[in-house]
Amino acid sequence: MIEVRDLRFAYGGGFALHVPALSVGAGERVAVVGPSGSGKTTLLNLVSGIAVADAGDVVLDGVAVGALSDRDRRRLRAARVGFVFQEFALVDYLPAEENVLYPYRVGTGLRLDRAARDRARALLADFGLGAKTQRRPHQLSQGERQRVAIARALVTRPKAILADEATGNLDPANKEAALDLLFAQAADTGAALLCVTHDHELLPRFDRVVDFAALAVAA
């Protein structure tokens, strides 16, 4: 489902990333660990098409991401990628339910119907937020905002779930609940799950753990 080959990317200021190879199969649950600043978030941005590699290939669900236009990359993300951002990236003026449904508003080809709304409400209820669907982000705790962000990533039943510290702001009970939902989604739809985490207590639950410090090499 996710295939990375000889990926190279550089920022101004000297940061350079080279990932020779990485693959995540359909339904596979892979954790990525490594030191801060090593490029783990950049990897997720490249896989999703938020950023475009300088060289190499990223193939997502059979699509060469780097060959797409900006518009088509946005469509791909909305339709096939669930992304849990480390800083949530919620829309301040929208209530929780509308934040979860946001991919339907920006993704052409996605139909915002009753089934989608029912799924959004069910996900929020699963996260203990069934009574807070109309609260805006500033009315929610940090952990509640994190759960809204995870629900948004799952609502479209994506082919790939990319999570950047998805459980970092959650207490132990909610960490387990969030991971259960992420894993259930991957199992239910055959989605590939690629999760960046610093929480080593969660690693035994994944199918595979990738040490990014060993995977990425000097560019």
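No experiment lies behind these values; they were computed from the predicted model shown.

Engineer: I'm lost on helix α2 (residues 70–80) in this one. Help?
Structural biologist: Count 3.6 residues to each turn of an α-helix, and residues three or four apart come out pointing the same way. All of the buried residues along α2 are Arg 73, Leu 76 and Ala 78. Lining the buried residues of α2 we find β4 (55–60), β5 (63–64), β6 (81–84) and α4 (102–106).

Engineer: Would you mind going over unusual backbone geometry with me for this structure?
Structural biologist: In terms of backbone geometry, most residues other than glycine have negative phi values and most peptide bonds are trans. Despite not being glycine, Asp 6 has its phi angle at roughly 50°, a positive value. You can see Asp 6 is positioned in strand β1 (residues 2–10). The residue Asp 61 is not glycine, and still its phi comes out positive at about 50°.

Engineer: Sorry if this is basic, but what is going on with helix α1 (residues 40–48) here?
Structural biologist: Burial analysis of α1 places 8 of its 9 residues in the buried class, which makes it a mostly covered element. Turning to α1, its buried residues are Lys 40, Thr 42, Leu 43, Leu 44, Asn 45, Leu 46, Val 47 and Ser 48. Phi turns positive, to about 90°, at Gly 49, one or two residues after α1.

Engineer: Where do I start with the packing of helix α6 (residues 142–154) against helix α7 (residues 172–189) in this structure?
Structural biologist: The relative placement of two packed helices is expressed as an angle between their axes plus a distance between the axes. Contact geometry for α6 and α7: axes closest at 11 Å, N-to-C directions at 5°. Relative to α7, α6 is oriented roughly parallel. Where α6 approaches α7, its residues Arg 147, Ile 150 and Leu 154 are matched on the opposing element by Asn 174, Ala 178, Leu 181, Leu 182 and Gln 185. A breakdown of the residues in the contact of α6 with α7 according to their chemical character gives 5 nonpolar, 2 polar and 1 charged.

Engineer: Looking at this structure, how should I read the nonpolar core?
Structural biologist: Taken as a class, soluble globular proteins show a tendency for nonpolar side chains to be buried jointly. One finds Val 148, Ile 150, Leu 182 and Phe 206 to be the most contacted residues of the largest nonpolar core, which totals 38 residues. When residues of this core are traced back to their parent elements, those giving at least two are β3 (29–33), α3 (96–100), α5 (114–126), α6, β7 (160–164), α7 and β8 (192–196). It is α6 that contributes the most residues to this core, 6 residues altogether. Beyond its immediate stretch of four places on either side in the chain, Phe 206 contacts Arg 29, Val 30, Ala 31, Leu 179, Phe 183, Leu 193 and Cys 195. Membership of the second largest hydrophobic core comes to 30 residues, among which are Leu 7, Leu 17, Val 58 and Ala 192.

Engineer: In this structure, what is going on with the side chain of Asp 164? I would like to understand it.
Structural biologist: Turning to its location among the elements, Asp 164 is positioned in strand β7. Buried charge without a salt bridge: Asp 164, with Lys 40 as the nearest opposite-charge side chain at an N-O distance of 7.1 Å. Within polar-contact distance, the side chain of Asp 164 engages the side chain of Thr 41 at 2.7 Å. Setting aside residues no more than four positions away along its own chain, Asp 164 makes contact with Thr 41, Leu 44, Val 84, Phe 85, Gln 86 and Val 196.

Engineer: I keep staring at the sheet that holds strand β9 (residues 208–211) and nothing clicks. Help me out?
Structural biologist: To summarise the sheet geometry, strands pair through backbone hydrogen bonds and adopt either a parallel or an antiparallel arrangement. Taken together, 5 strands build an open sheet; the order of strands is β6-β7-β8-β3-β9 and the sheet is parallel. Of all the strands in the sheet, just β6 and β9 have a single pairing partner and so form its edges. With strand direction ignored, the average angle separating the axes of adjacent strands in the sheet is 15°. Looking at chain direction, β6 and β7 are connected through 4 bridges and run parallel. The residue of β7 that forms the bridge with Val 81 is Ala 160. Each of β3, β6, β7 and β8 is contacted by α1, which is oriented at about 155° to β7, the strand it contacts most.

Engineer: Any chance you could explain the packing of α5 against α6 here in plain terms?
Structural biologist: Orientation of α5 relative to α6, taken along the N-to-C sense of each, is 140°, at an axis distance of 9 Å. Between α5 and α6 lies a crossing whose hand is right-handed. Facing α5, whose interface residues are Arg 119, Leu 123 and Leu 124, α6 presents Val 148, Ala 151 and Leu 154. When grouped by side-chain class, the residues that make up the contact of α5 with α6 number 5 nonpolar, no polar and 1 charged.

The rules behind the values
- Residues numbered from 1 in each chain as written.
- Predicted model: local features only at pLDDT ≥ 70, side-chain atom pairs only at ≥ 80, totals over all residues.
- Heavy atoms only, no water.
- Buried < 20%, exposed > 50% of the residue type's maximum accessible area, 1.4 Å probe, protein only.
- Helix = DSSP H or I, 4+ residues; strand = E, 2+ residues; numbered from the N terminus.
- Contact = heavy atoms within 4.5 Å.
- Axes fitted to C-alpha atoms, helices over the stretch in contact; angles between N-to-C directions.
- Parallel < 35°, antiparallel > 145°, perpendicular 65-115°, else oblique.
- Nonpolar A, V, L, I, M, F, W, Y, C, P; charged D, E, K, R; others polar.
- Core = buried A, V, L, I, M, F, W, Y, C linked by side-chain atoms within 4.5 Å.
- Lys, Arg positive; Asp, Glu negative; His and termini not counted.
- Salt bridge = Lys/Arg side-chain N within 4 Å of Asp/Glu carboxyl O.
- Polar contact = N/O pair within 3.5 Å; in protein donor to acceptor, adjacent residues only side chain to side chain.
- Pairing = 2+ DSSP bridges.
- Left-handed = near helix turned anticlockwise from the far one by under 90°.

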